[in-house]
Amino acid sequence: MKASYALRRLLSNNYSLQCQTKRTFYRSFLRQTVPLTSVRYPNLKRGGYSALTDKDLSVFEKLIPGRVLTGSSELDGYNTDWLKTCRGSSQVVLRPKTTEEVSAILKYCNERKLAVVPQGGNTGLVGGSVPVFDEIVVSTQLMNQIISLDEISGTLVCEAGCILGNLSDHVAESNLIMPLDLGAKGSCHIGGNLATNAGGLRLLRYGSLHGSVLGLEAVLASGEVVDCLSTLRKDNTGYDVKQLFIGSEGTLGLITKASILCPQKPNAVNVAFLGCDSFERVLDIFKESKMKLGEILSAFEFLDADAIAVARDNLKLSIPIDDSFPFYVLIESSGSDGTHDEEKMNGFLEDMMNRGYVIDGTVASEPAKIQYIWSVRERIAEGLMHDGYCYKYDVSIPLSHYYGLVEAVRERTQGNTTRVIGYGHVGDSNLHLNATSPEYSQTTMDLLEPFLYDWVAKHRGSISAEHGLGFKKRDFIYHSKSESAVRTMNQMKQVLDPNGILNPYKLLPTVVR
Ligand code: FAD
Ligand code: MLT
Ligand code: ZN
């Protein structure tokens, strides 16, 4: 295809913009039975926690009248993770509305040694958000108030149960955006985002939540409320305690409020979707995009041909360009001057095509078309679920070895998977490697683990780039962290949650060396 033609080709208007909502999708998948985690992992032992009694239920009912859920069908969704890979058997879900209620609940649970799982939108991908045995679920669903928005500084203060997408809509009215965006934005809570230190599609531009969170409030296992809800950009008064809770996956405290720095909404956004013939070319394009787009580069994502097949075949999405390339790149630019940005983007793409780095491509500047192109990338996680069981990996690997892992895993699991795909935030060196099979297979699992984690460690990567460790990855922590670092984490846990009631069996390994 000639460069000039490909560059001028805009997306046709006939793409279906109807996305299946997360809610419908989730409900239909829940009908299938997910084995209990305690059955799938028979060697796992329940900790020495108390068992829930009728007296406990009546105490909870007094603390939060009418917000204690106990019916087993009502509890299904809270017990089962989004991937349908983990299922607990909690008998109760508590839905507090205020920090004081969370404090009273945790104080009581701590005194009674009742284990607790904090839960937000339950979109976590490592089995961290659901009980392993019968832990009590404390959901932030009803803690969904926006407290304030300072339009001048861009500081948003809100409760932990606010849904990310709702926060995005709210701040957009003041010409601001949330510093993070992810495919689960319609369900995930900001508290869950903080607890997992979620990365997502905007990290390349706005950095991690460790930078954009200005303050937070959290409740410790003892019920003590830790007030770090600063709204200041600069505050070097002692240890930065809030950072402890970011990425702690509900094991150190339950986050109840946060203040977040929201960037200005860019006036001009352009998205290019490009096809290229090798992974080396993907890296060439990344390097050039940093040079040529400079400050307006806001996202750099990639999908391989097998990921594109998931969007096309499982989700029935039209692929914006020819669907036969081995690799695809999605580049977003965001800036303040449309004409300037478009010129920059077009100049960059023309150069890439003339040099043969890009074979075909399309550019969009209209919101609906941009959203459609993004949906092809964002909905891969959803599309994979149509295959049956999804073995999900989220790793950081130096770019020089990045795609080698997909090739190695494909070779190793040949004949034992439906597909092995690679996609992700290549701009952050973050690869999402996913394998699928019609149902869970221990043989496939044994081929994947620990092979995949060994490979990542050998290439000096991280076994969890953005999803965390949760239940499924905690015992591989030593592949990415030193023994001394894990011991320090364990000491922090002892100080903040001496009875270990907060999210047991998660993040920290079974054995601390
Ligand atoms: P949950 O799933 O409910 O909980 C996640 C963890 O946080 C659990 O350990 C839980 O105990 C803890 N937790 C939840 N709320 C609190 C709280 N208030 N206080 C303390 N602990 C708490 N992740 C990324 O990083 N980048 C992505 O691009 C991305 N895309 C996704 C796309 C899809 C389609 C899906 C399904 C998931 C995606 N994720 C991504 C993973 C997930 O959405 C994120 O980890 C998200 O931040 C979790 O938020 P949540 O409210 O659903 O938390
Ligand atoms: C993504 O980037 O799409 C998410 O992290 C979800 C996934 O890994 O599938
Ligand atoms: Zn991701």
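Residues numbered from 1 in each chain as written. Chains lettered and ligands numbered in written order. Predicted model: local features only at pLDDT ≥ 70, side-chain atom pairs only at ≥ 80, totals over all residues. Heavy atoms only, no water.

The name that an unreviewed UniProt entry assigns to the protein chain is D-2-hydroxyglutarate dehydrogenase, mitochondrial, with the source organism given as Mytilus galloprovincialis. Under the UniProt heading Sequence similarities (unreviewed entry), the note attached to the protein chain is "Belongs to the FAD-binding oxidoreductase/transferase type 4 family." (UniProt positions renumbered as here; feature names shortened; annotations may be inferred.)

Student: Mind laying out the sheet that holds strand E11 (residues 297–304), listing which residues take part and the relevant values?
Tutor: Strand order across the open sheet formed by 7 strands is E13-E10-E12-E11-E15-E16-E14, with antiparallel pairing between neighbours. At either margin of the open sheet sits one strand with a lone partner, and together these are strand E13 (360–364) and strand E14 (389–396). Here the strands of the sheet are splayed against their neighbours by 15° on average, with no regard to which way each runs. The sheet contact formed by strand E10 (residues 268–276) and E13 spans 5 bridges and is antiparallel. Bridge pairing links Leu-274 to Gly-361 in E13. Relative to the sheet, helix H14 (residues 338–354) contacts E10, strand E12 (327–335) and E13, its axis offset from that of E10 by approximately 10°. Contacts between helix H17 (residues 404–413) and the sheet are confined to E11, E14, strand E15 (419–425) and strand E16 (430–437), with E15 contributing the most and set at about 165° to the helix. (Pairing = 2+ DSSP bridges. Helix = DSSP H or I, 4+ residues; strand = E, 2+ residues; numbered from the N terminus. Axes fitted to C-alpha atoms, helices over the stretch in contact; angles between N-to-C directions. Contact = heavy atoms within 4.5 Å.)

Student: I'd like a description of the packing of helix H12 (residues 279–292) against H14, backed by residues and values.
Tutor: The contact between H12 and H14 brings their axes to 11 Å, and the two run at 145°. For the element pair H12 and H14, the recorded crossing hand is right-handed. Taking contact as the criterion, the partners of Ile-285, Glu-288, Ser-289 and Lys-292 in H12 are, on H14, Lys-344, Phe-348, Asp-351 and Met-352. Here the residues of the contact of H12 with H14 sort into 3 nonpolar, 1 polar and 4 charged. (Left-handed = near helix turned anticlockwise from the far one by under 90°. Nonpolar A, V, L, I, M, F, W, Y, C, P; charged D, E, K, R; others polar.)

Student: Explain the UniProt feature "domain: FAD-binding PCMH-type" (unreviewed entry) in the protein chain to me, using residue names and the numbers behind them.
Tutor: Sequence positions flagged by UniProt for "domain: FAD-binding PCMH-type" (unreviewed entry) are, in local numbering, residues 86–265. Overall, residues 86–265 shows 23% helix and 22% strand. The separation of its end C-alpha atoms is 38 Å.

Student: Describe the site of ligand 2, listing the residues and the values that go with them.
Tutor: Residues in close proximity to ligand 2 include Leu-125, Arg-377, Ala-381, Lys-392, Tyr-423, His-425, His-432, Glu-466 and His-467, which together make up its full environment. At 2.6 Å from an oxygen atom of ligand 2 is found a side-chain nitrogen or oxygen belonging to Lys-392. His-467 places a polar side-chain atom, nitrogen or oxygen, 2.7 Å from an oxygen atom of ligand 2. The protein chains hide 86% of the 260 Å² of surface that ligand 2 would expose on its own. Along the lines of polarity and charge, the residues of the shell around ligand 2 split into 3 nonpolar, 3 polar and 3 charged. (Near = heavy atom within 4 Å. Polar contact = N/O pair within 3.5 Å; in protein donor to acceptor, adjacent residues only side chain to side chain. Areas by Shrake-Rupley, 256 points an atom, 1.4 Å probe, with all protein chains shown as cover.)

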